[in-house]
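Letter by letter, the chains look like this.
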Amino acid sequence: MSPVGESLRAMPGQFGVLRFTGAGTEEPHPFSFSKICSDGLLRVTVKDLGDFTSDLKTVTLLGREVAIQRPFGRFRRSGPTAEIWVEGGIGVTPFLAWADALECDAPRVDLIVHH
Ligand SMILES: Cc1cc2nc3c(=O)[nH]c(=O)nc-3n(C[C@H](O)[C@H](O)[C@H](O)COP(=O)(O)OP(=O)(O)OC[C@H]3O[C@@H](n4cnc5c(N)ncnc54)[C@H](O)[C@@H]3O)c2cc1C
């Protein structure tokens, strides 16, 4: 998603409440940001678990406007230390943003994926 006007200032680990314009997709749902770019681009990654998220697959989202209720959440790293991250399924999304924000010379992080 690219910003129209002022961009959101989200931190890795935060989520927004998204509302897509257009019939059938206007119900607001929370999604973590899986990528946060410095130019304001944001990505969410969605798993089709229920009614709304399954229906999202059937509509064309390209070009649609999305209203994002401002970033929420305090899922933060304890610091730039060696860590073990444990995630299950679509719960990986905040870790993707965290991983993206890692410096090349950052202390080692192990990601344990449980499916
Ligand atoms: C802070 C936060 C961040 C999130 N981030 C992400 C993200 O990054 N990516 C993502 O994909 N999702 C994320 N989610 C979850 C996402 O918001 C939900 O998957 C979505 O709102 C579910 O909407 P739905 O209508 O498709 O599913 P629902 O219809 O609400 O169903 C959700 C799940 O509940 C089950 N279910 C529904 N009704 C019942 C019932 N009566 N009994 C038993 N089980 C039932 C369904 O089978 C399904 O597994 C996040 C949620 C929160 C709270």
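Everything below is about the structure printed above this text.
All values derive from a computational prediction rather than experimental measurement. (Residues numbered from 1 in each chain as written. Predicted model: local features only at pLDDT ≥ 70, side-chain atom pairs only at ≥ 80, totals over all residues. Heavy atoms only, no water.)

### Some details on a nonpolar patch on the surface
Turning to step 1, where the next piece is worked out: Together, Ile84, Val86 and Ile112 make up an exposed nonpolar region whose accessible area comes to about 300 Å².
Turning to step 2, where the next piece is worked out: Within the fold, Ile84 resides in strand β5 (residues 83-88). (Patch = residues over 30% accessible without salt bridge, like charges linked within 9 Å, V, L, I, M, F, W, Y side chains within 5 Å. Areas by Shrake-Rupley, 256 points an atom, 1.4 Å probe, with all protein chains shown as cover. Salt bridge = Lys/Arg side-chain N within 4 Å of Asp/Glu carboxyl O. Helix = DSSP H or I, 4+ residues; strand = E, 2+ residues; numbered from the N terminus.)

### Digging into the nonpolar core
Turning to step 1, where the next piece is worked out: Grouped together as the largest cluster of nonpolar side chains are nine residues: Ala10, Leu18, Phe20, Phe31, Phe33, Leu42, Val44, Phe52 and Leu56.
Turning to step 2, where the next piece is worked out: Elements supplying a minimum of two residues to this core: β1 (15-20), β2 (29-36), β3 (42-44) and α1 (51-56).
Turning to step 3, where the next piece is worked out: Apart from residues no more than four positions distant in its own chain, Phe31 is found in contact with Phe15, Gly16, Leu18, Val44, Val46, Phe52 and Thr53. (Core = buried A, V, L, I, M, F, W, Y, C linked by side-chain atoms within 4.5 Å. Buried < 20%, exposed > 50% of the residue type's maximum accessible area, 1.4 Å probe, protein only. Contact = heavy atoms within 4.5 Å.)

### Brief notes about the site of the ligand
Turning to step 1, where the next piece is worked out: Lining the immediate surroundings of the ligand are 15 residues, of which His29, Pro30, Thr45, Lys47 and Thr53 lie closest.
Turning to step 2, where the next piece is worked out: Contact with the protein chains removes 50% of the 980 Å² of surface that the ligand exposes when unbound.
Turning to step 3, where the next piece is worked out: Of all the elements in the fold, those that place two or more residues in the shell around the ligand are β2 and α1.
Turning to step 4, where the next piece is worked out: Examining the composition of the shell around the ligand, we find that four residues originate from one element, β2, more than from any other.
Turning to step 5, where the next piece is worked out: When its residues are assigned to classes, the shell around the ligand shows seven nonpolar, six polar and two charged. (Near = heavy atom within 4 Å. Nonpolar A, V, L, I, M, F, W, Y, C, P; charged D, E, K, R; others polar.)

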